[in-house]
Amino acid sequence: MTAGSGPLARVRVCDFTGQLAGAGATRYLAAFGAEVIRIEDPVRQGRWDILRGSSPFVDDRRGVEFGGAFQNHNVEKRGVTLNLRTERARELLARLVAISDVVAENFAAGVLARLGFPYEVLRAIRPDVIYVSNSGFGHRGPYSSFKTWGPIVQAVCGLSFTSGLPDMPPAGWGYSYMDHQGANMQALAILAALVHRDRTGEGQWIDMSCTDAGASLLGPAVLDFTVNGRPARRPGMPDSNHSQAPVMAPHNLYPAAGHDCWVAIACRDDHDWCALAGAIDDDRLTEQRYQRVDGRVAAQRELDAVVAEWTAPRDKFDVAARLQEAGVPAAAVQTPEERIDGDPATAAWGLWPEVEHAAMGRVRVDGLPVHLSDTDWKIERGAPVLGADNDYVYGELLGLGEDELASLRAEGVL
Amino acid sequence: MTGIDGAAMDGEGAGPLVGLRVVELASEWTAYAGKLLADLGAETVLVEPPGGHHTRSYAPFSDDEPGPDRSLWFWHYNTSKFGVTVDPGSDTGRARLDALFDRADIVLHGDRDLDVDGLRRARPAAIVVSVTPFGRTGPRAEEHATDLTLLAAGGPVWSCGYDDHSIAPVRGGGNQALHIGGVHAAMATLVAVLHRNITGAGQHVDVSLYAAANVSTEAATYEWLVARATVQRQTCRHAGVFPTASSLAPDVRGRLLHTGVPPRTVKEFEALLGWLHDLDLADEFPETFFLEMGRDRGGVHLSELGEDVEAREIFGAGRDALVFIASRMLDHDFFVEGQKRGLAVGIIAAPEDVIQDRHFVERGFPTPVEHEDIGRTFLYPGAPFAAGRTPWRIARRAPHVGEHDRLFP
């Protein structure tokens, strides 16, 4: 086993995270070289993370080593098994915590404490440990025992409500947006705590609530209420394909030629409007009142209809290219295939790295949307199969001999 | 030890990034990353052109009156920052900018034309962070973009909208393209800081908002990468390769709530039956029998629903029961009561509901920010996470145009 490299090579993470909301956080650290050690339950074959055996699959094989989402969220990590129902396992965990900089989890609030490792215990083992818990509602507050997954987080924090068209049900988010942002916030919390520890030597517990994190992403709408008394729940709202903050018009997703094809057009200002009206070249767009944004907002439904008439028979990429040439923000609504395999920009960024997974073979995964000039990320190694690094972690890191390892295996501790 | 504004720099009340100096060249793309760093304690100086940056013209406005110091968009994204104005077209302006760069640990900017190499050559320890729609280089780097076009091209829009695909897909509200890229910018900045803490070396961090949207679509991306399958949008639930049943239901006054994933375990069937009985609705609900079957057969597993007709009936009855109960209650009561019974159901809260909700209030999420200039205090959205030693805080309201010019001459 070679020593790690990368800007976070000095950071070891004792990792209890799962799904995406937690696993995505430690994945980020691992991509920059942190030694992330995933701890999984051998009795349930790691199925606490429901993604371990869930679709998508690369082929007809099924089981805990074939979950495509799990593999995506756990690249570059190490994995061990540990049956925390046993006393010997808890002793081993204490030894692992002692050599870890960070303990990360996204259990329901209180689960790690019930396993015998609340923050007070973690801190007693390792005084400068950074413990970041990530749960739906946090460890404090009346809802702390409530259960969530992405769609519930989004519904409760305001993100589902604010996504939709007037006089329609909420469209919400068609995926667990807050699993991504929850993971990002958890990673940010860990990184900030590491910076603080570098300066002061102190560790700490950070209690992250995914619903707090989500509610922090709706600032202008909240202030419109707390400052102006204007609720988002009012006639005509939500209207998220139009733009209220900032005000832009026309601003929408317009139909294009083909089945379920759409193109986004956003007029940021009067200059963009002139360019758009010039490209469409329709007499109905020449009215003086449209020269200013107020006039365009007042008439945005009429304007949308004229723009849609122009876009509907045209190819979405052609519309976008033509408007971009005129200086107007426009882009085709891309399918997964179009943006992943058809867009030279994602390829040029190296956004879909291919990893080697012990059971699944070579699989492409999400990359990171940043590049660091000197210490960039690296994603090459697939997610660990169950217990893949037991020998390294318990043998090399904790110094257990082969006999001890064999007896732990025989006793069902690993 | 105190910072330049007199705030504590150590111990209680100091953020984790205290001591780091950020210079942010005002830009729509960097505003959120700058806020994250500033609220976490970094001394963040926002550099605007004379007269102020154009994001000061972004609606909504305090009391609905436009004005450079009245934009609520600007207020929100520029908390805890100091504000200075610099005219980069003048010699004195350029000299002042150089002096600001000289004292900065981190330079945050959204301008593709900024001479990053030149800036770094003179300051090898500086961390220069570029946040732009498509990154500094690449085939689409020149494109004009907004939140809408980034989410449209980058994947989120494909997955959001309604079951009826004759209706346009939907951009999720709240400028989330800026948030996804912004939090990534802050994360990568701290990775560079941690590297610099050991080596003393700065570096350049290039952030693409478009790439950030692309890697934030959950199953849409990996269904394609792993199985070459394409998800299809559905009303207020996960876009899927295969359709799923609705998760919305009206409460007693018609307000929609979220029924979550219907019961699958014995415990959940028991909870649901108990709820029906407690409401005296078990006899009135026509499918109580199926719920009892679900309990008695040891629950249902999602993987059974394809082939097992009985499992499908039971699963459907669970959802019907939630819809039935919802129709008799207010949405918030349904949410709290269901959750207390162990069912992961939700309320579809508007932002104004959240900021007043007792859970968020008890966690201290609504954060009062004093606007001493107008003699008022307003509640702002608070901390994304609650740190034991290094509290997140809003150190001050967003700056007026050039408010801190004297502090940073």
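If you're wondering where the values come from, they're calculated on a predicted model, not measured in any experiment. The written sequence of each chain sets the order in which its residues are numbered from 1. The lettering of chains begins at A and the numbering of ligands begins at 1, in the order of writing. Where totals are concerned, whole chains, interfaces and linings use all residues; where local detail is concerned, this predicted model gives features only for residues with pLDDT of at least 70, and gives and counts side-chain atom pairs only at 80 or more. Note that the side-chain values use all heavy atoms of the structure and ignore hydrogens as well as water.

Colleague: Just to check I follow, could you spell out the overall build of chain B for this structure?
Modeller: Only DSSP runs of H or I covering at least 4 residues are called helices, and only runs of E covering at least 2 are called strands; the numbering of each starts at the N terminus. Looking only at helices and strands, chain B features 15 helices and 14 strands. Viewed in the frame of its principal axes, chain B has a C-alpha envelope of about 80 × 50 × 45 Å. Each residue is assigned to one of three classes by its accessible area relative to the maximum for its type, calculated with a 1.4 Å probe on protein chains only: buried under 20%, partly exposed between the two thresholds, exposed over 50%. Looking at chain B as a whole, 64% of its 409 residues qualify as buried. Contact criterion: two residues are considered in contact whenever any of their non-hydrogen atoms come within 4.5 Å of each other. Considering only intrachain contacts with a sequence separation of at least 6, the fraction spanning at least 24 residues in chain B is 62%.

Colleague: Looking at this structure, I do not really get the side chain of Asp207(A). What am I missing?
Modeller: Secondary-structure assignment places Asp207(A) in strand β6 (residues 204-209). For Asp207(A), a relative accessible area of 5% puts it in the buried group. Here a polar contact is recorded for every N or O atom pair within 3.5 Å, except that within protein the pair must consist of a potential hydrogen donor and a potential acceptor, and residues adjacent in sequence are included only if both atoms are side-chain atoms. Of note is the side chain of Asp207(A), whose polar atom sits 3.1 Å from the side chain of Arg363(B). Apart from residues no more than four positions distant in its own chain, Asp207(A) is found in contact with Ser133(A), Gly138(A), His139(A), Arg140(A), Arg363(B), Phe385(B) and Ala386(B).

Colleague: Can you help me understand the pairing of β6(A) in this one?
Modeller: The side chains of a regular strand alternate between both faces of the sheet. Residue and element names in this part refer to chain A. Buried residues dominate β6, accounting for five of its six residues. Pairing between strands requires that DSSP locate at least two bridges from one strand to the other. Relative to β6, strand β5 (residues 130-135) runs parallel, the two sharing six bridges. Each bridged residue has a counterpart across the sheet, and for Val-132 the counterpart in β6 is Ile-206.

Colleague: Help me understand the domain arrangement of chain B, please; the structure alone is not making it clear to me.
Modeller: Quoted interface sizes are often the accessible area lost when the parts come together. Per the domain assignment, the segments making up chain B are domain 1 (21-212 + 365-380) and domain 2 (247-347). Per the annotation, domain bounds derive from an automatic or database assignment of domains. Distance from the C-alpha centre of domain 1 of chain B to the C-alpha centre of domain 2 of chain B: 45 Å.

Colleague: In this structure, what is going on with the domain arrangement of chain A? I would like to understand it.
Modeller: Segmenting chain A into domains produces domain 1 (12-215 + 348-410) and domain 2 (243-255 + 262-332). Look at where the C-alpha atoms of domain 1 of chain A and domain 2 of chain A centre, and you get two points 43 Å apart.

Colleague: Teacher, can you tell me more about the sheet that holds strand β11 (residues 330-332) of chain A here?
Modeller: In sheet architecture, strand pairing relies on hydrogen bonds along the backbone and comes in two forms, parallel and antiparallel. Residues and elements named next belong to chain A. Ordered in space as β9-β10-β11, the three strands form an open sheet in which the pairing is antiparallel. Both edges of this open sheet fall to β9 (251-255) and β11, since each of them pairs with a single strand only. This sheet shows a mean twist of 20 degrees between the axes of neighbouring strands, independent of strand direction. Bridge count for β9 against strand β10 (residues 262-266) is five bridges, and the pairing is antiparallel. Directly across from Asn-252, in β10, lies its bridge partner Ile-265. This element, helix α12 (residues 300-311), spans β9 and β10 of the sheet and lies at about 40 degrees to β9. Axes here refer to lines fitted to C-alpha atoms; in helices the fit is confined to the stretch in contact. Angles between the N-to-C directions go from 0 to 180 degrees.

Colleague: Got a minute to help me understand empty space enclosed by the protein in this structure?
Modeller: In this approach, a probe sized like a water molecule rolls over the atoms, and the result shows the empty space that is left. Residues are said to line a cavity or pocket when one of their atoms sits within 4 Å of a point; the points come from a 1 Å grid over protein atoms alone, cavities being sets where a 1.4 Å probe fits but cannot get out and pockets being open sets with protein on both sides within 12 Å along at least five of seven lines. Grid points are joined across faces, edges and corners, and a volume is the space filled by probe spheres set on the points. Counted under the stated rule, the structure contains five cavities of 30 Å³ or more. Space inside the largest cavity adds up to approximately 180 Å³. Lining the largest cavity we find 15 residues, and of these Gly24(A), Arg27(A), His180(A), Asn184(A) and Val215(B) sit closest to its centre. Of all elements in the fold, only α1 (23-31), α2 (68-73) and α7 (177-200) of chain A reach the threshold of two or more residues within the lining of the largest cavity. Under this grouping Gly is polar, as are all residues other than the nonpolar Ala, Val, Leu, Ile, Met, Phe, Trp, Tyr, Cys and Pro and the charged Asp, Glu, Lys and Arg. Classifying every residue of the lining of the largest cavity by side-chain character gives five nonpolar, eight polar and two charged. Reported here for the second largest cavity is a volume of approximately 60 Å³. The wall of the second largest cavity is formed by Ser216(A), Tyr32(B), Lys35(B), Leu36(B), Asp39(B), His76(B), Pro381(B), Gly382(B), Pro384(B) and Trp392(B).

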